[in-house]
Amino acid sequence: MKYSGWPDPGELVVGRVDEIEDFGVFVDLQEYEDKRGLCHISEVASGWIKNVRDHVSEGQTVVAKVLDVDQGSQQIDLSIKDVNDHQRKDKIQEWKNEQKADNWMLLAFGEDVDDETYAAIANELLAAFGSMYEGFEEAAIHGEEALDETDLDDEEIEAIVETARENVSVPYVNVTGYVTLECASGDGVDVIKEALQAAEGNGEIPEEVELEVTYVGSPEYRIQVRAPDYKTAESHLEESADRAVAAVGEHDGSGRYHRDREVEAE
């Protein structure tokens, strides 16, 4: 996806050097549609420059700061030297993330999605999260709930969440589920305690996973899992519930796993 408008002065942009002259460098802006900027020789690098080609080469990807925009003359003035290493690294990563998000959009809505539909969905994500990448990341972590405040329809939300959970890797995700446990035998309290210990893994949960089981309201218990990625978290959540259900089942009790809370909050 490329923006159709103009960059703002002070904005950092990613560009590709496509022409080098003695007086400066022409840069094709990668994030903007049909936009090209000029970085004067004095803005290419600090200090005296004898040969521009000693500092940049054609085809090189650069990060530049927008100094001025004159839409009337179709001119964008850029500075490469005003961007420090930290800014350059962060901007390149942001750009790469948006390229990933662009690919996820095509996976979610098909290679033949029309420009109008694509733009409408992308703009919803940009308005809600600041970037398409952040929108997909939030969808991977929080599911459909993350997109509740957008104007996307149910099918669009479902497509984004499904694609996000299959493709997005996030540092840590938190998932929550519930298990209902009941046992009518005389030692039912002890059976439930044993089932909850089983749900917590009896000390055998991997180091990178945090799993906690808490009381919600009889006979319902909340299972919360924090893990490096969504698939791992979901797997441990379901396995935790399965262990608890199996434990009460061994004592003629019953159990059931469900994603949403059923007991009303007290």
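Here, the structure is the one placed above.
Residues numbered from 1 in each chain as written. Predicted model: local features only at pLDDT ≥ 70, side-chain atom pairs only at ≥ 80, totals over all residues. Heavy atoms only, no water.

K.L.:
Quick one: what's the story with the sheet that holds strand S6 (residues 173-182), residue by residue and with numbers?
P.N.:
Pairing between sheet strands relies on hydrogen bonds along the backbone, with the strands arranged either parallel or antiparallel. An order of S7-S8-S6-S9 is seen for the 4 strands of this open sheet, with the pairing classed as antiparallel. Looking at strand neighbours, the two that pair on one side only are strand S7 (210-217) and strand S9 (254-258), the edges of this open sheet. Each adjacent strand pair in this sheet contributes to an overall mean axis angle of 25°, direction not counted. In this sheet, strand S8 (residues 220-227) lies alongside S7 in antiparallel orientation, the contact comprising 7 bridges. Bridge pairing in S8 places Leu211 opposite Val225. (Pairing = 2+ DSSP bridges. Helix = DSSP H or I, 4+ residues; strand = E, 2+ residues; numbered from the N terminus. Axes fitted to C-alpha atoms, helices over the stretch in contact; angles between N-to-C directions.)

K.L.:
Tell me about the pattern of salt bridges, and please be specific about residues and values.
P.N.:
One pass over the structure, following the stated rule, counts 8 salt bridges. For Lys91, the salt bridge identified is with Glu94, shortest N-O distance 3.2 Å. In this pair, Lys91 and Glu94 both sit in helix H1 (residues 85-109), 3 residues apart, roughly one turn of the helix. On the accessibility criterion, Lys91 (8% relative accessible area) is buried. (Salt bridge = Lys/Arg side-chain N within 4 Å of Asp/Glu carboxyl O. Buried < 20%, exposed > 50% of the residue type's maximum accessible area, 1.4 Å probe, protein only.)

K.L.:
Describe helix H2 (residues 115-129), with residues and values.
P.N.:
With 15 residues, H2 should cover 21 Å at 1.5 Å per step; its first-to-last C-alpha distance of 21 Å lies within 8% of that length. Tyr118, Ile121, Ala122, Leu125 and Leu126 are the residues of H2 that are buried. Down the axis, H2 shows its buried residues gathered within 140° of arc, on one side only. When the buried face of H2 is taken as reference, the exposed residues oriented beyond 90 degrees from it are Glu116 and Ala127. Buried positions along H2 lie against H1, helix H3 (132-142) and helix H4 (154-167). For H2, the N-terminal cap is Asp114; the gap from its side-chain oxygen to the backbone nitrogen of Glu116 is 3.2 Å. Where H2 terminates, the next one or two residues include Gly130, which has phi positive at roughly 90°. (Expected span 1.5 Å × (residues − 1). Arc of directions from axis to C-beta. Contact = heavy atoms within 4.5 Å. Polar contact = N/O pair within 3.5 Å; in protein donor to acceptor, adjacent residues only side chain to side chain.)

K.L.:
I'd love a proper account of the packing of aromatic side chains, names of residues and values included.
P.N.:
Counted according to the given criterion, the structure contains 5 aromatic pairs. Here Trp104 and Tyr133 contribute two aromatic rings whose centre-to-centre distance is 5.5 Å and whose plane-to-plane angle is 25°, an arrangement assigned as stacked. Separated by 29 residues along the polypeptide, Trp104 in helix H1 and Tyr133 in helix H3 bring together distant segments of the chain. Its relative accessible area of 7% is what places Trp104 among the buried residues. Residue Tyr133 is classed as buried on the basis of its relative accessible area, which comes to 12%. Ring plane angle 55° and centroid distance 5.5 Å describe the contact between Trp104 and Phe136, whose orientation is recorded as tilted. Of this pair, Trp104 sits in helix H1 while Phe136 sits in helix H3, and the two are 32 residues apart along the sequence. Note on accessibility: Trp104 and Phe136 belong to one class, buried. Taken together, Trp104, Tyr133 and Phe136 form an aromatic cluster joined through their ring pairs. Residue placement shows Lys35 over the ring face of Trp6; its charged tip is 4.8 Å from the ring centre. Directly above the aromatic system of Tyr172 lies the positively charged group of Arg226, at a separation of 4.4 Å from the ring centroid. (Phe/Tyr/Trp six-rings, centres within 6.5 Å; stacked < 30°, edge-to-face > 60°. Lys NZ or Arg CZ within 6 Å of the ring centre and 35° of its normal.)

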